[in-house]
Amino acid sequence: MKDYDRKRRQFLQYLLAGTAAAAFPGFGLAQDRRMLNAKPDPNFKPDVEIEFVAQLAEVPILPGPSTSVFRYDGKVLKGPQAALLKSAPGYLGPIMNLVQGQKVRIFYYNKLPEPSIMHWHGMHVPQKMDGHPMYAIEPGERYVYEFEVKNPAGTNWYHAHPHEMTGPQVYRGQAGLITIRDEQERKLDLPDGEYDLPLTIQDRRFTAGNQLQYIFGMHERMTGFLGDTILVNGRADAIIPVKTRAYRIRVFNGSNSRIYKLGWEDGTPLTAIGTDGGLLEDPQTFPYIMLAPAERVELWVDFSGRKPGTDLMLRSLEYDFPQMGMGMGGGMEMHGGMGRGRMGGRGGMGMGTGRLPQGKDFPIVRFHIVEKIGESPELPKRLVKMRNLTEKDVANPGRPVPIAASMEHMSPLLNSASFEMDEVMDIERIPVNTIQKVRITNEHGSMGSGMGGRGPMGGRMGGMRGGMGMMMLPHPIHMHGQQFRIISRKLKDGNMDSYATVRDGFINSGWKDTVLVMPNEEIDVIKPFEDYTGLFLYHCHNLEHEDLGMMRNFYVS
Ligand code: C2O
Ligand code: CU
Ligand code: CU
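Cut-offs applied
Residues numbered from 1 in each chain as written. Chains lettered and ligands numbered in written order. Predicted model: local features only at pLDDT ≥ 70, side-chain atom pairs only at ≥ 80, totals over all residues. Heavy atoms only, no water. Helix = DSSP H or I, 4+ residues; strand = E, 2+ residues; numbered from the N terminus. Buried < 20%, exposed > 50% of the residue type's maximum accessible area, 1.4 Å probe, protein only. Contact = heavy atoms within 4.5 Å. Areas by Shrake-Rupley, 256 points an atom, 1.4 Å probe, with all protein chains shown as cover. Donors = N, O, S within 2.8 Å, 3.2 Å for Na, K, Ca; no water. Phe/Tyr/Trp six-rings, centres within 6.5 Å; stacked < 30°, edge-to-face > 60°. Lys NZ or Arg CZ within 6 Å of the ring centre and 35° of its normal. Pairing = 2+ DSSP bridges. Axes fitted to C-alpha atoms, helices over the stretch in contact; angles between N-to-C directions. Core = buried A, V, L, I, M, F, W, Y, C linked by side-chain atoms within 4.5 Å. pLDDT = per-residue confidence, 0-100. Salt bridge = Lys/Arg side-chain N within 4 Å of Asp/Glu carboxyl O.

Undergrad: What is the right way to look at the overall build of the protein in this model?
TA: From N to C terminus, the protein includes eight helices and 33 strands. A buried classification covers 60% of the 557 residues belonging to the protein. Sequence-distant contacts, at least 24 apart, represent 78% of the contacts inside the protein between residues at least 6 apart. Element-wise, carbon and sulfur atoms account for 51% of the exposed surface of the protein, whose accessible area totals about 21400 Å².

What follows is the structure, given as structure tokens:
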């Protein structure tokens, strides 16, 4: 009730400040919000109609007992059946295959025991179709989405997006891939059908009875969930049979907080042909590729020349991750290297990082060459023509929109603030149909004073004395709406040696919707805010950070 009153007051303040009521289309009683999109629009003529049901399921993941999960089940009600591809039995949602220009209607039924809402990550859709947490529906309710596919060919994904529950719901299975095709891509004749492979990478933790375990405690909430079992396309110890030819592999990091440093075990460089938002202008090779939560990279992988019977392992290679130590009643320590962090469980707070800390080397998936075949397509030299976006196009060259990530008093913040459902600051107001420069930074918050006070953790930490000193973690920053381009990234200060273990793995060309910002890094991007007005989220895609309030709204008008 108090919360409601406070929101109401803020809303009135906006009215007084001359902001039209229409500025906050989501504002009102929860009931109004939910009724907003329960019915299809008779004037919208869909090419594809899909039904998604979010529900409890028991699925086989590990040998032995099945695992209870939250799964999306889907079916095509109208249009091409290929619009949905069932994934292997497990917890991943079906792969949605869309075509640019298609009109899509989706009936979403929440049969979970808690509120939820679906979001189409990476896609450019109107506010009401974007799955903002203010539209979360209760168990038993329905939400209808209707939008036109505007994105170019590429790999996006869908997932649950309710306030403070995105982490646990995605963890239990509320996620699936979206592929989009278009004319430009068709002309390239890229590997298709069985040679076009999805590769969803996630880390999970299981009990002895094969049930999913989530967060253990405070420390893990602050750093993000880390599991010790790597699942690929929903399976543990995945082996993928391949033939001696080129494949298109759509790698997607569907983990809550784990950052992978993708590399072939034999040192072969990786060839990227696409990023979050679509294909690149031309293929690029990397010694390794950093893939943060929510990021996608499309690889061209050529197995021709390899011997049947042999294997090629994709690994996550070692890198320096800023370890976070936490002292009770003291400051905290930062450790540059892997395995040097002292994470003793002093004070019984569950401070361990588990058996598979960030930055450790481990296998992800084994490709097993099963068959020699004669023909393999050539890697095209040029891929697609991209809309050219430069500094000259931006409306605010000297005044970039800030996204400052920081940690203060146990709260991960953006622009020094926590999430508010429908509140925006002046710096978060964006004129529609403009192209903006956005500067993303990762800074020190205030140092180790007490922990009471602001932010969600402040509240929960109530009686605890002590301090958090410097705490700087990498943050995968995501913006809803249109994809952006990276124009510069630099390390402002900090540990060059640590940075050197990751820096050659960032893909800075191509369309992005999520970018990993390392401690002390400053990244400038250019993002169009076109076509749609309303509230569009930006947040850290470390899902535990997001749930702790590391999320804000842009208000486009
Ligand atoms: Cu993956 Cu707010 O999104
Ligand atoms: Cu998103
Ligand atoms: Cu974060």
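Undergrad: I'm lost on the coordination of the copper ion (ligand 2) in this one. Help?
TA: Taken together, the protein ligands of the copper ion (ligand 2) are His 119 (NE2) and His 478 (NE2), with distances of 1.9 to 2.0 Å. Residue His 119 is located in strand S6 (residues 118-121), and its partner His 478 is located in strand S28 (residues 475-479); the two are separated by 359 residues in the primary sequence.

Undergrad: Any chance you could explain the coordination of the copper ion (ligand 3) here in plain terms?
TA: Octahedral metal centres with six donors ideally show angles of 90 or 180 degrees, and tetrahedral centres with four donors ideally show 109.5 degrees. In the first shell of the copper ion (ligand 3), the protein supplies His 475 (ND1), Cys 540 (SG) and His 545 (ND1), at 2.0 to 2.2 Å from the metal. Positions of the donor residues of the copper ion (ligand 3), expressed as sequence spacing, correspond to H-x64-C-x4-H. One end of the pair, His 475, is in strand S28; the other, Cys 540, is in strand S32 (residues 534-540), and 65 residues separate them in sequence. Residue His 475 is classed as buried on the basis of its relative accessible area of 0%. You can call Cys 540 buried: its relative accessible area is 0%.

Undergrad: Could you clarify how one ought to interpret the packing of aromatic side chains in this entry?
TA: Any aromatic ring pair is given by two values, namely how distant the centres are and how the planes are angled relative to each other. Counted by the stated rule, this structure contains 22 aromatic pairs. A ring pair is formed by Tyr 72 and Tyr 158, whose centres lie 5.3 Å apart and whose planes are at 70°; its orientation type is edge-to-face. Of this pair, Tyr 72 sits in strand S2 (residues 67-78) while Tyr 158 sits in strand S8 (residues 154-160), and the two are 86 residues apart along the sequence. Each member of the pair, Tyr 72 together with Tyr 158, is buried. Where Trp 264 meets Phe 367, the ring centres are 5.7 Å apart and the plane angle is 65°; that geometry is what we call edge-to-face. You can see Trp 264 sitting in strand S15 (residues 260-264) and its partner Phe 367 sitting in strand S23 (residues 362-371), a full 103 residues away along the chain. Phe 367 matches Trp 264 in its accessibility class, with the two residues each being buried. Taken together, Phe 52, Tyr 72, Tyr 108, Trp 120, Tyr 135, Tyr 143, Tyr 145, Phe 147 and Tyr 158 form an aromatic cluster joined through their ring pairs. Directly above the aromatic system of Phe 70 lies the positively charged group of Arg 172, at a separation of 5.4 Å from the ring centroid. Sitting above the plane of the Trp 511 ring, Arg 485 keeps its charged end 5.1 Å from the centroid.

Undergrad: Looking at this structure, how should I read the sheet that holds strand S25 (residues 411-414)?
TA: Each strand in a sheet pairs with its neighbour through backbone hydrogen bonds, running either in the same direction (parallel) or in the opposite one (antiparallel). What the five strands build is an open sheet, ordered S25-S24-S27-S31-S29; its pairing is mixed. Looking along the sheet, the strands with just one partner apiece sit at the ends: S25 and strand S29 (485-491). Across the sheet, the mean angle from the axis of one strand to that of its neighbour is 15°, orientation sign disregarded. Pairing geometry for strand S27 (residues 434-442) and strand S31 (residues 521-529), over eight bridges, is antiparallel. If you follow Val 438 over to S31, its bridge partner there is Val 525.

Undergrad: Before we go on, may I ask you to explain unusual backbone geometry in this structure?
TA: One can expect most non-glycine residues to show negative phi and most peptide bonds to be in trans. Phi is positive for Asn 415, close to 50°, though the residue is something other than glycine. Relative to the helices and strands, Asn 415 resides in the loop between S25 and strand S26 (429-430). For Asn 415, a relative accessible area of 12% gives the class buried. Positive phi, normally seen in glycine, also occurs at Ser 416, with a value near 60°. Looking at the secondary structure, you find Ser 416 in the loop between S25 and S26.

Undergrad: Got a minute to help me understand the nonpolar core in this structure?
TA: Core analysis: the biggest nonpolar cluster contains 42 residues, and Leu 199, Val 251, Leu 262, Val 297, Ile 364, Val 365 and Phe 367 have the highest contact counts within it. With five residues, the single largest contributor to this core is S23. Ignoring sequence-local partners within four residues, the contact set of Val 297 consists of Ile 249, Arg 250, Val 251, Leu 262, Ala 272, Gly 274, Ile 289, Leu 291 and Ile 507. Of all hydrophobic cores here, the second largest spans 40 residues; its members include Val 48, Ile 50, Met 123 and Phe 419.

Undergrad: Sorry, what's going on with the sheet that holds strand S9 (residues 175-181) here?
TA: Here five strands make up an open sheet; going across it, the order is S3-S4-S9-S8-S6 and the pairing mixed. Two strands close off the open sheet at either side, each with one partner strand: strand S3 (84-85) and S6. Strand direction decides the pairing type here: S3 and strand S4 (residues 95-99), joined by two bridges, are antiparallel. Bridge pairing links Leu 85 to Ile 95 in S4.

Undergrad: Even after reading the chapter, I still don't get the confidence of the model for the protein, so can you show me in this structure?
TA: Interpreting fine coordinate detail is not advised for predicted regions of low pLDDT. Counting all residues, the mean pLDDT for the protein is 86, and 83% of those residues have values of 70 or more. Scored below 50 in pLDDT, residues 325-352 makes 67 contacts in the model with residues more than four places away or belonging to other chains. Segment residues 447-469 is flagged for pLDDT under 50; beyond a separation of four residues in sequence, or across chains, it makes 55 contacts in the model.

Undergrad: I keep staring at the pattern of salt bridges and nothing clicks. Help me out?
TA: A side chain of one charge can pair with a side chain of the opposite charge if their charged atoms are brought near each other. Applying the stated criterion across every chain, the model contains 35 salt bridges. Asp 311 serves as the salt-bridge partner of Arg 366, at 3.0 Å between the closest nitrogen and oxygen. Here Arg 366, found in strand S23, pairs with Asp 311, found in strand S20 (residues 311-316); they are 55 residues apart in sequence, far enough to count as distant. Exposure remark for Arg 366: the relative accessible area of 30% places this residue in the partly exposed category. In the salt-bridge network here, residues are joined through shared partners; they are Arg 181, Glu 185, Asp 192, Asp 196, Arg 248, Arg 250 and Glu 298.

Undergrad: Please clarify how the pairing of S9 should be interpreted in this entry.
TA: Two faces, one strand: in a regular strand the side chains alternate between the faces of the sheet. Counted residue by residue, S9 has six buried out of seven residues, so it is predominantly covered. Two strands pair when backbone bridges link them, and S4 and S9 are joined in this way by four bridges, in the parallel orientation. The residue of S9 that forms the bridge with Leu 98 is Ile 180.

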